[in-house]
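# Descriptive structure summary
Chain by chain, the residues:
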Amino acid sequence: MHIQEWLENVPAISVYLLVGVVIGLESLGIPLPGEIVLISAALLAAGHDGINPWILGACATAGAVIGDSIGYAIGRRGGRPLLAWLGGKFPRHFGESQIAMAEGSFQKWGMWAVFFGRFVALLRIFAGPLAGVLHMPYWKFLTANVLGGIAWAGGTTAVIYSVGVVAEDWLKRFSYLGLAIAVLIGLTSMLVLKNRTKKAAARTTADSTPEPGTVPAAD
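Numbering of residues starts from 1 in each chain and follows the order in which that chain's sequence is written. Given that the model is predicted, a residue must reach a pLDDT of at least 70 before its local features are reported, and side-chain atom pairs must reach 80 or more before they are shown or counted; all residues, however, enter totals for whole chains, interfaces and linings. Note that the side-chain values use all heavy atoms of the structure and ignore hydrogens as well as water.

## Some details on the overall build of the protein chain
Tallying secondary structure elements over the protein chain gives 10 helices and 0 strands in all. Put simply, DSSP marks the helices as runs of H or I at least four residues long and the strands as runs of E at least two long, and each gets a number from the N terminus on. The linear arrangement of helices and strands in the protein chain, starting from the amino end, is α-α-α-α-α-α-α-α-α-α. Relative to its 219 residues, the protein chain shows a buried fraction of 42%. In what follows, a contact means two residues having at least one pair of non-hydrogen atoms within 4.5 Å. Restricting to contacts in the protein chain with at least 6 residues of sequence separation, those with at least 24 account for 81%. Surface accessibility follows the Shrake-Rupley procedure with a 1.4 Å probe radius. Residue values consider only the protein chains on display as shielding. Put simply, the protein chain shows about 11800 Å² of open surface, and 69% of that area lies on carbon and sulfur atoms. Exposure is judged per residue with a 1.4 Å probe applied to protein chains only, and the accessible area is read against the type maximum: over 50% gives exposed, under 20% gives buried, and values in between give partly exposed.

Here you go:
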């Protein structure tokens, strides 16, 4: 079957479920490419009449909020040993330097670290479990979690979908190779921007990084 025909016949419910589950697992603390999945789904919705961008955004938001809340509960129950266990399983994501940076962000910004952390890949994975470990009051966490989930998931869906609709006619003039190159350029730009953001956050929180063995109080 031609790839375009296959894409046009993808069941919408499967796209909604995939986006919600992947983003939920990432928010729970499992390193998964939630943002890439959301961007890909929003682009697919732009050229697929059967996929509703409003439902897509709602599923992404629900996955983000529910996943973060489960991560918070796990972190609150598991405490410091949980971070040590995750560090052994995912050293690239939960190593000592990554945990120190995330803790510095929480110490400096409190609940705002949960909100803005939704837009940074590393903090997006950490936010729920770490807020639970640090015993951040749940009402503060939930407020920042819901607002951050809506702003990130809903905003990303709206922006990418709008760009996809505008670019659809232009992209049809080129081969699938051209489309692949355009997607790669967009993803590369996104990764470069995220890398610079992460470095800037690391420099900003370097002075406020807690000493080993201490647990900063949550805001």
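## Describing the pattern of salt bridges
Here, a salt bridge means any side-chain nitrogen of Lys or Arg that lies within 4 Å of a carboxyl oxygen of Asp or Glu. Inspection of the entire model under this criterion finds 3 salt bridges. Where glutamate 26 meets arginine 124, a salt bridge forms, and the shortest distance between an N and an O atom there is 3.1 Å. Taken together, the positions of glutamate 26 in helix H2 (residues 12-28) and arginine 124 in helix H8 (residues 121-133) put the pair 98 residues apart, joining distant regions of the chain. The exposure class of arginine 124 is buried, given its relative accessible area of 2%. Between arginine 124 and glutamate 35 there is a salt bridge whose closest N-O contact spans 4.0 Å. Of this pair, arginine 124 sits in helix H8 while glutamate 35 sits in helix H3 (residues 34-46), and the two are 89 residues apart along the sequence.

## Some points on the nonpolar core
Counting residues in each nonpolar core, the largest one holds 20 residues, and the members touching the most others are Val15, Val19, Ile23, Leu38, Ile51, Leu56 and Ala60. Mapped onto this core, the elements with two or more residues apiece are H2, H3, helix H4 (53-89) and helix H9 (138-171). Discounting residues that sit within four places of it in the chain, isoleucine 51 has contacts with Ala12, Val15, Tyr16, Leu44 and Ala45. Residues grouped as a nonpolar core are buried Ala, Val, Leu, Ile, Met, Phe, Trp, Tyr and Cys residues, joined through side-chain atoms within 4.5 Å. Within the second largest apolar cluster, 13 residues are counted, among which are Ala113, Leu130, Ala131 and Phe141.

## Describing the environment of isoleucine 39
Mapped onto the fold, isoleucine 39 is located in helix H3. In this structure, the C-alpha to C-alpha distance between isoleucine 39 and tyrosine 161, residues 122 residues apart in sequence, is 8.4 Å.

## Observations concerning the side chain of threonine 156
Note that threonine 156 resides in helix H9. Setting aside residues up to four positions removed in sequence, threonine 156 forms contacts with Leu38, Ile39 and Ala151.

## What about the packing of aromatic side chains?
Two rings from Phe, Tyr or Trp (for Trp, the six-membered ring) form a pair when their centres sit within 6.5 Å of each other. Planes less than 30 degrees apart are called stacked, planes more than 60 degrees apart edge-to-face, and all others tilted. For the structure on display, the rule yields 7 aromatic pairs. Consider the rings of tryptophan 112 and phenylalanine 115, whose centres lie 5.8 Å apart with planes at 80°: the pair is edge-to-face. With a gap of 3 residues between them, tryptophan 112 and phenylalanine 115 both fall in helix H7 (residues 111-117), about one helical turn apart. Judged by its relative accessible area of 16%, phenylalanine 115 is buried.

## Overview of H2
Helix length check: H2 (17 residues) gives 24 Å between terminal C-alpha atoms against 24 Å at 1.5 Å per residue, within 8%. Those residues of H2 that sit buried are Ala12, Val15, Tyr16, Val19, Gly20, Val22, Ile23, Gly24, Glu26 and Ser27. Looking one or two residues beyond H2, the residue adopting positive phi is glycine 29, at roughly 125°. Residue count minus one, scaled by 1.5 Å, sets the expected span of a helix.

No statement about biological role is implied by the geometric values presented.
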